[in-house]
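# Descriptive analysis of the structure
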Amino acid sequence: MNTIAAISTPNAVGGIAMIRVSGDNAIEAASAVFQPVGNIKVTEMRGYTCAYGYITDHGERLDDVVLTVFRAPHSYTGEDTVEITCHGGLYLSKQILALLYRCGCVPAGPGEFTKRAFLNGKLSLSQAEAVMDVIRADGAASLRQANLAKQGKMHERMFTISNHLVEMLSAFAYWLDDAEDMPPELERDTLDNKLQSIQHQLQTMSDNYQNGRILREGIRTVLLGRPNAGKSSVMNWLCGMQRSIVTDIAGTTRDVITEQVKIDEYTLLLSDTAGLRETDNQIESIGISQAYQALDTADLVLYVVDAAVGITPEDQDTLSKCVGCPALVLWNKTDLTDAEPPALDIPVLSISALHADSVAPLSDTLRKIFSNACIPDQPTVMNERQNALILHAIERITESRALLTNGAELDMIYICLEDAAHALREIDGSDVSDDVIDGVFSKFCVGK
Ligand code: GDP
């Protein structure tokens, strides 16, 4: 394995920077650039020890640093690893990195240290993904859950569930190999009960993911409404700054602008869209079609209505398209009119986007809409990749149960269950293609 090096701290000036080196040549490369103070040889340092000294380039001292050695296999990556902690200058840390490249190290790709940890069996794929979740966690609940997954709790749970399937598959294999007697565990009722229990456990994990996603990643929110209703003004009110261009010429917001807005415990991933109206303008109509696309994946629609105009048939028509997605009508411009909002079967909040100063009424309404959003205190699915695999496994188990009910041949059921087991093994990486591995680590930062 070649030796990789990268700056693991952010690409910014700070108190301290850390450069990590991992691979067969890590200790040799470090000893070539580091001059210890005292009678120490880097090549003879034991694992988990550190030394103080200087990084020098052609005899010129660049910095005084602390160097820590980890010996394979007792390191994060499972390989020989060296970490150099230097002063946190950008030029300085890049110079040290360049010296290491001159000594044979190559630049590490995104997440390559963690990828090596996975390939060397130090972490399962779900644990490796959880490393990034720990880094990205922005609250106590998401950090707790990421840590549970990083400690391998999710891996253990998936292992237990997929093992039940594997045991069933072995019984199938035995039976299909011409055994005389049907093993008792393959009696149709017994089989169906077991499959039902597995299906239920997987469904709970997926439901927990969906409920937790809102709190972990934010509520994908689309601002809709007819031109001039006040969408951009609502966006500016929520963002507390002039982000969208506000004018009184209908049709000025032509693309979808996304902002993250923190409202108490919720984060809104807010898309301000083009005003919805019939238009001949090509650019504006692209914006409108993007608005409808955003609606497909939205968790919440904030539908802005100009209170002075009221709810028109056009508004009714758009609101009727928000099927399966909670919507909230923002009855806007109440400073201009006393008109009361009509009774609707979705919540309505009276506001004046130009004069509103508190988001408390909005957060109260969000609490009602997302009352079952919670991050459970147990390991659960952490991302779309894992959830898609769980849903695939559920689908195949459902299919196999239907086949069982219809008295289908056991070998057809076997094929379905084998596919379900494969999907579950892919979650923690025990049965996974290189493309999937590359896809997972491409989302990591360089240096992790
Ligand atoms: P959009 O087309 O839906 O994005 O609407 P804008 O946010 O651009 O607002 C259109 C016009 O209505 C602008 O002149 C705003 O200043 C005005 N406006 C928006 N909200 C309010 C409000 O609460 N009160 C008043 N008086 N004017 C508003």
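A brief report on the enclosed structure follows. (Residues numbered from 1 in each chain as written. Predicted model: local features only at pLDDT ≥ 70, side-chain atom pairs only at ≥ 80, totals over all residues. Heavy atoms only, no water.)

## Observations regarding the sheet that holds strand β7 (residues 106–107)
Just so we agree on the cut-off: Each pair of strands is called paired provided DSSP finds at least two bridges between the two strands. Under the scheme used here, helices are H or I runs from DSSP no shorter than 4 residues and strands are E runs no shorter than 2 residues, and both carry numbers assigned from the N terminus. The contact criterion used is simple: two residues touch if any of their non-hydrogen atoms lie within 4.5 Å. Under this scheme, a helix contributes an axis fitted over its contacting stretch, all axes are lines through C-alpha atoms, and angles between N-to-C directions fall in the 0 to 180 degree range.
Spatially, the seven strands line up as an open sheet ordered β3-β4-β5-β6-β2-β1-β7, and their pairing is mixed. Both outer strands of the open sheet, β3 (34–36) and β7, are each paired with one neighbouring strand and no more. Where strand β2 (residues 16–22) and strand β6 (residues 81–87) come together, seven bridges link them in antiparallel fashion. Of the residues in β6, the one forming a bridge with Ser-22 is Thr-81. In this fold helix α1 (residues 26–33) packs onto β2, β3, β4 (49–57), β5 (60–70) and β6, with an angle of close to 75° to the strand it touches most, β3. Packing against the sheet, helix α3 (residues 112–119) makes contact with β1 (4–7), β2 and β7, and its axis sits at approximately 135° to β1.

## Points about the pairing of strand β12 (residues 327–332)
Inclusion rule: Exposure categories follow from relative accessible area, calculated using a 1.4 Å probe and restricted to protein chains: below 20% of the type maximum is buried, above 50% is exposed, and the middle band is partly exposed. Every crossover in which the path from the first strand over the helix to the second runs clockwise, viewed with the strands pointing away from the viewer, is termed right-handed.
β12 sits mainly inside the fold: six of its six residues count as buried. Covered by surrounding structure in β12 are Ala-327, Val-329 and Trp-331 together with Leu-328, Leu-330 and Asn-332, the residues of both alternating faces. Judged from the six bridges that link them, strand β11 (residues 300–306) and β12 form a sheet pairing that is parallel. Residue pairing across strands places Val-305 opposite Trp-331, the latter belonging to β12. The parallel pair β11 and β12, bridged by helix α10 (residues 313–321), forms a crossover whose chirality is right-handed. As judged from the three bridges shared by β12 and strand β13 (residues 348–350), these two strands associate in the parallel manner. Looking at the pairing, Leu-330 lines up with Leu-349 of β13.

## Section: the site of the ligand
Here is the rule we go by: We call a residue near a molecule or strand as soon as one heavy atom of that residue lies within 4 Å of the molecule or strand. Any pair of nitrogen or oxygen atoms within 3.5 Å is treated as a polar contact; in protein, a donor-acceptor pairing is required on top of that, and neighbouring residues in sequence qualify only through side-chain atoms on both sides. Computed with a 1.4 Å probe, the accessible areas rest on the Shrake-Rupley method; for each residue, only the protein chains presented here act as cover. Each residue is assigned to one class: nonpolar for Ala, Val, Leu, Ile, Met, Phe, Trp, Tyr, Cys and Pro, charged for Asp, Glu, Lys and Arg, and polar for all the others, Gly among them.
Near the ligand you find 18 residues, and of these Asn-228, Lys-231, Ser-232, Ser-233 and Asp-335 are the closest. Note that an oxygen atom of the ligand is positioned 3.3 Å from one of the backbone N or O atoms of Ala-229. In this structure, an oxygen atom belonging to the ligand sits 3.1 Å away from a side-chain N or O atom of Lys-333. Look at the ligand: alone it shows 570 Å² of surface, and the protein chains cover 87% of it. Among the elements that line the shell around the ligand, the one with the most residues is helix α8 (residues 231–239), at three residues. In terms of residue class, the shell around the ligand is made up of six nonpolar, seven polar and five charged.

## Things to note about the packing of aromatic side chains
Our working definition: Aromatic pairing here means that ring centres of Phe, Tyr or Trp (its six-membered ring) are within 6.5 Å. Orientation follows from the plane angle: under 30 degrees is stacked, over 60 is edge-to-face, and everything else is tilted.
With the rule as written, the count across this model stands at six aromatic pairs. Seen in terms of ring centroids, Tyr-48 and Phe-70 are 5.8 Å apart; in terms of plane orientation they differ by 85°. Their pairing is edge-to-face. Taken as a pair, Tyr-48 in the loop between β3 and β4 and Phe-70 in strand β5 lie far apart in primary sequence, 22 residues in all. Owing to a relative accessible area of 17%, Phe-70 belongs among the buried residues under this scheme. Put simply, the rings of Phe-118, Phe-441 and Phe-444 pair up and form one aromatic cluster.

## Section: the packing of α3 against helix α14 (residues 434–442)
For any two helices packed against each other, one specifies the crossing angle of their axes together with the interaxial distance. Put simply, the test is: Angular relationships are summarised with four words: roughly parallel below 35 degrees, roughly antiparallel beyond 145, roughly perpendicular across 65 to 115, and oblique for the angles in between. Helix crossings are classified by the rotation of the near helix relative to the far one: an anticlockwise turn of less than a right angle makes the crossing left-handed, while a clockwise turn makes it right-handed.
Close contact between α3 and α14 brings their axes to 9 Å; oriented N to C, the two are set at 140°. Between α3 and α14, the angle falls in the class oblique. In the packing of α3 onto α14, the handedness of the crossing is right-handed. The residues of α14 that touch α3, namely those facing Thr-114, Lys-115, Phe-118 and Leu-119, are Ile-437, Asp-438 and Phe-441. A breakdown of the residues in the contact of α3 with α14 according to their chemical character gives four nonpolar, one polar and two charged.

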